[in-house]
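Coordinates in review
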Amino acid sequence: MQLPDAETLCRQLAEQIHSNLQPNTALIGIRTGGEWLARRLHALLGLRQPLGVIDVSFYRDDYGARGLHANPQRTKIPFPIENTPVILVDDVLYTGRTTRAALNEIFDFGRPACIELAVLVDRGGRELPIAARYCAHTLPEPLPASQSLRLEQTENGNLTLRLIHA
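Fair warning: this is a prediction, and the values are worked out from it, not measured in the lab. (Residues numbered from 1 in each chain as written. Predicted model: local features only at pLDDT ≥ 70, side-chain atom pairs only at ≥ 80, totals over all residues. Heavy atoms only, no water.)

1. Describing the overall build of the chain
Secondary structure assignment for the chain yields four helices and seven strands. When the elements of the chain are put in sequence order from the N terminus, they spell out α-β-α-β-α-β-α-β-β-β-β. For 166 residues, the compact-globule estimate of 2.2 N^0.38 gives 15 Å, and the chain sits close to it at 15 Å. Across its three principal directions, the C-alpha atoms of the chain cover 40 × 35 × 35 Å. Buried residues in the chain amount to 48% of all 166 residues. (Helix = DSSP H or I, 4+ residues; strand = E, 2+ residues; numbered from the N terminus. Rg over C-alpha atoms; globule rule 2.2 N^0.38 Å. Buried < 20%, exposed > 50% of the residue type's maximum accessible area, 1.4 Å probe, protein only.)

What follows is the structure in structure tokens.
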């Protein structure tokens with residue numbers, strides 16, 4: 001399968017978001033791929049609110065089955081959530097469980113004006129009724145569960161997509 005260029009997709013996603021930006025919009029990236037993407041989008045969009053980063057390790061509904069992520073990190077939301085329009089950013093949308101966990105954690109910080117989801121790639125395979133408002137690329141057919149799509153960041157900061165076979 002030929003994967004699209006992640007840098008091009010990032011710029012396309014920024015263009016989609018820019019056309020609908022509300023005043024005072026804040027971005028929250030989901031670690032790790034969503035964080036890298038959110039950092040890039042934050043710069044491309046020139047947002048005033050500082051960037052938030054969320055680690056959903058303790059909010060996942062499969063925490064008992066999967067165990068703790070190898071390196072959980074602290075969630076940092078350096079702006080008031082209350083009544084703030086938020087764009088939640090992740091690299092790949094699959095089952096929707098990571099997004100659900102992120103929503104639960106965000107609401108522990110307060111009640112935003114709205115939350116929209118932005119993803120680089122929708123790989124199909126949803127288990128929950130979650131859809132991205134902004135999506136740069138949708139795979140023509142869902143990937144089998146034995147494969148995953150991962151966003152990686154090179155040493156020079158470029159973003160790349162990689163297909164991984166389990």
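2. Some words on the pairing of strand β3 (residues 85-93)
Among the nine residues that make up β3, nine are buried, leaving the element largely enclosed by the rest of the structure. Inspection of the sheet shows strand β1 (residues 26-30) paired to β3 by four bridges, in the parallel sense. Residue A26 lies in a different strand from β3, and its bridge partner there is V86. Across eight bridges, the pairing between β3 and strand β4 (residues 114-122) is parallel. Paired with P85 across the bridge in β4 is C114. In the classification by handedness, the crossover that spans β3, the intervening helix α4 (residues 97-109) and the parallel β4 is right-handed. (Pairing = 2+ DSSP bridges. Right-handed = clockwise from strand over helix to strand, strands pointing away.)

3. Remarks on the environment of Q49
Within the secondary structure, Q49 is located in the loop between α2 (33-45) and β2 (52-54). For the pair Q49 and A6, spaced 43 residues apart in sequence, the C-alpha to C-alpha distance is 25 Å. Polar side-chain contacts of Q49 include one of 3.0 Å to the side chain of N24. (Polar contact = N/O pair within 3.5 Å; in protein donor to acceptor, adjacent residues only side chain to side chain.)

4. Digging into the nonpolar core
Judged by nonpolar contacts, the single largest core of 28 residues is most densely connected at L13, L37, L41, L120 and L161. Put simply, the parts of the chain that give this core at least two residues each are α1 (6-18), α2, β3, β4, β5 (134-138), β6 (147-153) and β7 (159-165). Apart from the residues within four sequence positions on either side, L120 is in contact with A6, L9, C10, L13, L37, D90, D91, C135, A136, H137, L151 and L161. Counting residues in each nonpolar core, the second largest holds 18 residues, with A26, I30, I81 and A101 among its members. (Core = buried A, V, L, I, M, F, W, Y, C linked by side-chain atoms within 4.5 Å. Contact = heavy atoms within 4.5 Å.)

5. A look at α4
The end-to-end C-alpha distance of α4 is 19 Å, a good match for the 18 Å that 13 residues give at a rise of 1.5 Å each. Among all positions of α4, only T99, A101, A102, E105 and I106 are buried. Seen end-on, α4 carries its buried residues on one side only, within an arc spanning 160°. In this structure, the buried residues of α4 make contact with β1, β2, β3 and β4. Directly beyond the C-terminal end of α4, a positive phi value near 145° is found at G110. (Expected span 1.5 Å × (residues − 1). Arc of directions from axis to C-beta.)

6. Some words on the side chain of T95
Topologically, T95 is positioned in the loop between β3 and α4. Once residues within four sequence positions are removed from consideration, T95 is found in contact with G125, R126, E127 and L128.

7. Topic: the state of the cysteines
Scanning all chains against the criterion turns up zero disulfides. For C114, which is in no disulfide, the shortest distance to another cysteine sulfur is to C135 and amounts to 18 Å. The exposure class assigned to C114 is partly exposed, which follows from its relative accessible area of 24%. You can see C135 has no disulfide; the closest cysteine sulfur is in C10, sitting 13 Å from it. (Disulfide = S-S within 2.5 Å.)

8. A look at the side chain of D90
Position of D90 relative to the elements: it lies in strand β3. Setting aside its immediate chain neighbours within four residues, D90 contacts I30, G34, L37, T98, A118, V119 and L120.

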